[in-house]
Structures are given as C-alpha cells and as structure tokens.
Amino acid sequence: MYGNNPRSTAQIAGHPLHPLLIPFPIVSFIGALVTDVMWLSTREGGWATASNWLLGVGLVTALLAAAAGMADYLGDERVKKIGAATRHMIANIVVVTLEAVNLVVRLTGGTDQIGSLGIWLSLASVVILAYSGWLGGELVYRHRVGVQETRDGHSGDDDGQAEGGLGIPRGPALQEKLSRDRR
C-alpha cells in the first residue's frame, strides 16, 4: 500500500494514528499558555484551574500520541534514518518534560507559580511545539512518512527527485514504476 514510502505502523484501516492524536496535546498546551496569560491579566482563579486541567489533559493525550509516534519510528527502519524524525521525537520529549514540570510546580506551589515560572515553561513549550510541528510536516510532505502512493495522479506535483536521500522515486520516476507494477 505505501510502496516505496516509509510506512506508519500505528494505523487503523490504513490511516495513521499519530496525526489523529496530536491535535489534543497541541491544543491543550497552547490553551494552557492562553489561560496563563488570562490569569496574569485578571488574577481570576478559574484561569489557573483551567491551565492545570489543560496541562493534565495535554500530558495524558501526549502520551497516547507518543505511543503511536514511537510505533511509527520503530516500525519502519527508514523512518529512523530520517534525521527530522529523531529531532521531532526529542523536541516532543522536551515539551512533555517541561509541561510535566510545569504542572508539578503549579500543583505544589499554587497560582503564584504561574507568574514566576509557569508562563515561561508554557511559552517555551509552545515554541518547541512549533518547531516539532515543522519537523512533523517535513516527515509527511518531504519524506512521505505514512503517505500512500496513489495511482490516480491527484497526489500533487513534484520535481521528480528522490527526497531525503532515501531513493524514493518521485514524479515521472514514480509514474514509470507504477506502470511497471500494473503489468
């Protein structure tokens, strides 16, 4: 089904699970930063409570996304050979670690921790998430991890060059390979 593309091993009916799960921790961690800013602006306790809940939900869902991502990383040797995959994984581990520390600091030190350390941990996490998201996009759009080769010509234009040094045919080379496979 994936042909020459690195495959996603954590999937249901051919659909990779990792991209399905990642929006939950991303939105939760960005939401925690927003509620931190709101708490700093208003000092209303509900914002601090919302931040704690968002951090908790983000951490739980990040573990689910990490499990699917790790299955993909370990499931196809070609994925491990892509430097962006390793950097993506490390960035996400750093984010989860920062946000776990963030939650523990808040639960043990109270709302005062939001203004002194919490907001900085939230901000750093969101910046690292942006970098990690960039790398995730590179894995899909440049290295085609988990992307099914199609025979229908609707998969977009490319320059016909193999990406990432992995020898994956593109453009005319892919069309030639697919036409040979049909014979």
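Summary of the structure given here. (Residues numbered from 1 in each chain as written. Predicted model: local features only at pLDDT ≥ 70, side-chain atom pairs only at ≥ 80, totals over all residues. Heavy atoms only, no water.)

Details of the packing of helix 3 (residues 45-75) against helix 5 (residues 83-109)
Here is the rule: Axis angles are defined between N-to-C directions and span 0 to 180 degrees, where every axis is a line fitted to C-alpha atoms and, for a helix, only to the segment in contact. The numbering of helices and of strands both runs from the N terminus, where a helix is a DSSP run of H or I of at least 4 residues and a strand a run of E of at least 2. These descriptions rest on fixed angle ranges, namely under 35 degrees for roughly parallel, over 145 for roughly antiparallel, 65 to 115 for roughly perpendicular, and the rest for oblique. In a left-handed crossing the near helix is turned counterclockwise from the far helix by less than a right angle, and in a right-handed crossing that turn is clockwise. Contacts: residue pairs with any heavy atoms within 4.5 Å of one another. Throughout this entry, Asp, Glu, Lys and Arg are counted as charged residues, while Ala, Val, Leu, Ile, Met, Phe, Trp, Tyr, Cys and Pro are counted as nonpolar. The remaining residues, Gly among them, count as polar.
Packing of helix 3 against helix 5 brings their axes to within 10 Å, and their N-to-C directions diverge by 155 degrees. Between helix 3 and helix 5, the angle is such that the two are roughly antiparallel. Helix 5 is crossed by helix 3, and the crossing has left-handed handedness. Here Ser51, Asn52, Leu55, Gly56, Leu59, Ala62, Met70 and Tyr73 of helix 3 lie close against helix 5, whose contacting residues are Ala85, Thr86, Met89, Val96, Glu99, Ala100, Asn102, Leu103, Arg106 and Leu107. In the contact of helix 3 with helix 5, the residues fall into 11 nonpolar, 5 polar and 2 charged.

Some details on the layout of surface pockets
Threshold: Buriedness of a pocket was judged along seven lines, with at least five required to meet protein on both sides within 12 Å; pockets are open sets of points on a 1 Å grid over the protein atoms alone, cavities are sets where a 1.4 Å probe fits but cannot get out, and lining residues have an atom within 4 Å of a point. Grid points are joined across faces, edges and corners, and a volume is the space filled by probe spheres set on the points.
Considered as a void within the structure, the largest pocket measures approximately 870 Å³ in volume. If you trace the largest pocket, you find 39 residues lining it, with His18, Ile22, Gly69, His88 and Asn92 closest to the centre. Every element with two or more residues in the lining of the largest pocket is listed here: strand 2 (15-16), helix 1 (18-21), helix 2 (23-42), helix 3, helix 5 and helix 6 (112-141). Per-element tally for the lining of the largest pocket: the top contributor is helix 3, with 8 residues.

Let's talk about the side chain of Ser51
Following the sequence through the fold, Ser51 ends up in helix 3. Contact partners of Ser51, with chain neighbours within four places excluded, come to Ala32, Thr35, Asp36 and Arg106.

Some words on the pattern of salt bridges
The condition is simple: The working definition used for a salt bridge is a side-chain nitrogen of Lys or Arg within 4 Å of a carboxyl oxygen of Asp or Glu. We call a residue buried when its accessible area falls under 20% of the maximum for its residue type, exposed when it is over 50%, and partly exposed in between, using a 1.4 Å probe and counting protein chains only.
Tallied over the full model, the rule gives 3 salt bridges. Between Arg78 and Asp76 there is a salt bridge, and its shortest N-O distance comes to 2.8 Å. Classification of Asp76 by relative accessible area gives buried; the value is 8%.

What about unusual backbone geometry?
The phi angle of most residues is negative, glycine excepted, and most peptide bonds adopt the trans form. At Arg43, a position not held by glycine, the phi torsion is positive, near 60 degrees. Secondary-structure assignment places Arg43 in the loop between helix 2 and helix 3. With a relative accessible area of 53%, Arg43 lands in the exposed category.

Some details on a nonpolar patch on the surface
Just so we agree on the cut-off: Surface patches are drawn from residues lacking salt bridges whose relative accessible area is over 30%; two like charges belong together within 9 Å, two nonpolar side chains (Val, Leu, Ile, Met, Phe, Trp, Tyr) within 5 Å. Here the Shrake-Rupley method, with its probe set to 1.4 Å, supplies the accessible areas, and only the displayed protein chains count as covering residues.
On the surface, a nonpolar cluster with roughly 220 Å² of combined accessible area is contributed by Ile26, Ile30 and Val34. Here Val34 lies in helix 2. For Val34, a relative accessible area of 47% translates into the label partly exposed.

Quick word on helix 3
What counts, and what does not: Residue count minus one, scaled by 1.5 Å, sets the expected span of a helix.
Over its 31 residues, helix 3 extends 45 Å from the first C-alpha to the last, a length consistent with the 45 Å expected when each residue adds 1.5 Å. Every buried residue belonging to helix 3 is among Ala48, Ser51, Leu55, Gly58, Leu59, Thr61, Ala62, Ala65, Ala68, Gly69, Asp72 and Tyr73, and all of these are buried. If you follow the buried residues of helix 3, they end up packed against helix 1, helix 2, helix 4 (77-80), helix 5 and helix 6.

Some points on helix 2
Between the first and last C-alpha of helix 2 there are 28 Å, a value that for 20 residues agrees with the 28 Å anticipated at 1.5 Å per step. The inward-facing, buried residues of helix 2 contact helix 1, helix 3, helix 5 and helix 6. Arg43 occupies a position one or two residues after helix 2 and carries a positive phi of about 60 degrees.

Let's talk about the environment of Arg144
Mapped onto the elements, Arg144 comes out in the loop between helix 6 and helix 7 (171-182). Residues Arg144 and Val79, 65 residues apart in the sequence, show an inter-C-alpha distance of 9.9 Å.

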